[in-house]
Structures are given as C-alpha cells and as structure tokens.
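Descriptive structure summary
Here is how the chains run, residue by residue.
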Amino acid sequence: MQIGELAARGGVTAKTVRYYESIGLLDAPERRTNGYRDYGETALERLRFIRDAQASGMTLAETGDILHMKDRGESTCEHSRAALERHLRDIDAQIASLLAAKAELTALARRADALDPADCNDPNRCQVLALDLPAHGKA
C-alpha cells in the first residue's frame, strides 16, 4: 500500500508516517519502480501499535524502546509495566499539584469575596492578589 493508504488505515497523517520513519520507529519501506513507498501489513500493525502506545501515555522514545526490544526478540511486558507505573506516579504528582493550586485559588477567591473594593487604592497592586495583605477585617 502507498503512504496515504497506510496513514489513513493507521489513523495518522502521511507526514506522521514519514516522521516515524525518520526517527526509526518505522522501517523505510521498499520503493516501487515509480519511486513510491510500498508498505506491507507489518508496517500497518507497527503504526497502529505506535498510535495505541501514545494513546496510553507512552512517549515516542518509550514506544521506540519497546519496538526495538521486540525487534531483538525480547519480552517487553515488564518494561511496559514499569513505564506505565512511572506514568501513573507522574499523574499522581500532577493531581497533587493541581489540588494544591486549586486550594490556593479557592483561598484567593474567598479573600476576594471578603475584601472591600473601596479599600483597593494601591495603583500598582490588586489587593486580591497581594499575598502580604491580610484579608479585610482579619489580621
């Protein structure tokens, strides 16, 4: 199949296929006499794996590691499990960071509700966002 058909069947663009070839995720295909790339079903399977691995949160580098291990006949289950666990830890850290940011924004919103706009007279700062100012009526 030609690159356009491979891309369509793999759910990516032809540009993406070319990029994956350039970084070694897909092998360079045979060329027809007219110079067109000629891909087989193996390229489609590999392309779909790359797409699915990315959808699961794997980076292209991690995906490449898995594919290269497979090319060498190595088992990849433990490697993949470890990568997924790293991604889960990263997501947990991001969630904690987002929850902390939410708490700070919630506190600022409550502060804004408690402040009197008439007291906002500093031409260079907003009293809602000035962290060194106590909330109106509180020390």
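Keep in mind the model is a prediction, meaning the values are calculated, not measured. (Residues numbered from 1 in each chain as written. Predicted model: local features only at pLDDT ≥ 70, side-chain atom pairs only at ≥ 80, totals over all residues. Heavy atoms only, no water.)

1. What to know about helix H4 (residues 60–71)
Counted only if it meets this: Secondary structure counts use DSSP, requiring at least four H or I residues in a row for a helix and at least two E residues in a row for a strand, with both numbered from the N terminus. One less than the number of residues in a helix, times 1.5 Å, gives the span that helix is expected to have. Accessible area is worked out with a 1.4 Å probe on protein chains only. A residue is then buried under 20% of its type maximum, exposed over 50%, and partly exposed in between.
Taking 1.5 Å as the rise per residue, H4 with 12 residues should run 16 Å; its terminal C-alpha atoms sit 16 Å apart, in good agreement. Taken together, the buried positions of H4 are occupied by Glu62, Thr63, Gly64, Ile66, Leu67 and Met69. After H4 finishes, the residue Gly73 shows a positive phi value of roughly 80 degrees.

2. Some remarks on helix H3 (residues 41–55)
Taking 1.5 Å of rise per residue, the 15 residues of H3 would be expected to cover 21 Å, and the 21 Å separating its terminal C-alpha atoms lies within 8% of that figure. For H3, the set of buried residues is Ala43, Leu44, Arg46, Leu47, Ile50 and Ala53. Once H3 ends, the next one or two residues include Gly57, with phi positive near 105 degrees.

3. Examining the nonpolar core
Grouped burial of nonpolar side chains is what soluble globular proteins tend to show. Here is the rule we go by: In this text, buried Ala, Val, Leu, Ile, Met, Phe, Trp, Tyr and Cys residues form a nonpolar core when linked through side-chain atoms within 4.5 Å. Contacts are residue-level and defined by heavy atoms, with any inter-residue pair within 4.5 Å sufficient.
Ranked by size, the top nonpolar core spans 15 residues in total, and within it Leu6, Val17, Tyr20, Leu26, Tyr39, Leu47 and Ile50 carry the most contacts. Of all the secondary structure elements, the ones that give two or more residues to this core are helix H1 (3–10), helix H2 (14–22) and H3. The greatest single-element share of this core, amounting to four residues, is contributed by H3. Apart from the residues lying within four places of it in its own chain, the contact partners of Tyr20 are Leu25, Leu26, Leu47, Ile50, Gln54 and Leu60.

4. Description of the environment of Lys102
One can find Lys102 in helix H5 (residues 77–114). Looking at Lys102, the relative accessible area reads 55%, which means it is exposed.

5. Quick look at the packing of H1 against H3
This is how the line gets drawn: Only the stretch in contact is used when fitting a helix axis, every axis being a line fitted to C-alpha atoms; angles between N-to-C directions are given from 0 to 180 degrees. Here is the rule for angles: anything less than 35 degrees is roughly parallel, anything more than 145 is roughly antiparallel, 65 through 115 is roughly perpendicular, and the remaining ranges are oblique. In this scheme the handedness of a crossing depends on how the near helix is turned from the far one: anticlockwise by less than a right angle means left-handed, clockwise means right-handed. Note on residue categories: nonpolar means Ala, Val, Leu, Ile, Met, Phe, Trp, Tyr, Cys or Pro, charged means Asp, Glu, Lys or Arg, and polar means any other residue, Gly included.
The interhelical angle for the contact between H1 and H3, taken along N-to-C directions, is 40 degrees, at an axis separation of 9 Å. Judged by the angle between their axes, H1 and H3 are oblique. Judged by the twist between their axes, the crossing of H1 over H3 is right-handed. Of the residues in H3, those in contact with Leu6, Ala7, Arg9 and Gly10 of H1 are Glu41, Ala43, Leu44, Leu47, Arg48 and Arg51. Split into classes, the residues belonging to the contact of H1 with H3 amount to five nonpolar, one polar and four charged.

6. Examining the packing of H3 against H4
Packing of H3 against H4 leaves a shortest axis separation of 9 Å and a crossing angle of 140 degrees. One way to sum up the angle between H3 and H4 is to call them oblique. Two packed elements cross with a definite hand, and for H3 against H4 that hand is right-handed. Residues Arg46, Phe49, Ile50, Ala53 and Gln54 of H3 form the contact with H4, whose participating residues are Leu60, Thr63, Ile66, Leu67 and Asp71. Taken together, the residues that form the contact of H3 with H4 break down as six nonpolar, two polar and two charged.

7. Some details on the packing of aromatic side chains
Under the convention used in this document: Any two of the Phe, Tyr and Trp rings considered here, Trp counted by its six-membered ring, make a pair once their centres fall within 6.5 Å; the pair's planes then place it as stacked at under 30 degrees, edge-to-face at over 60, or tilted in between.
All chains considered together, the criterion is met by one aromatic pair. Ring plane angle 50 degrees and centroid distance 6.3 Å describe the contact between Tyr19 and Tyr20, whose orientation is recorded as tilted. Taking relative accessible area as the criterion, Tyr20 reaches 5% and is therefore assigned buried.

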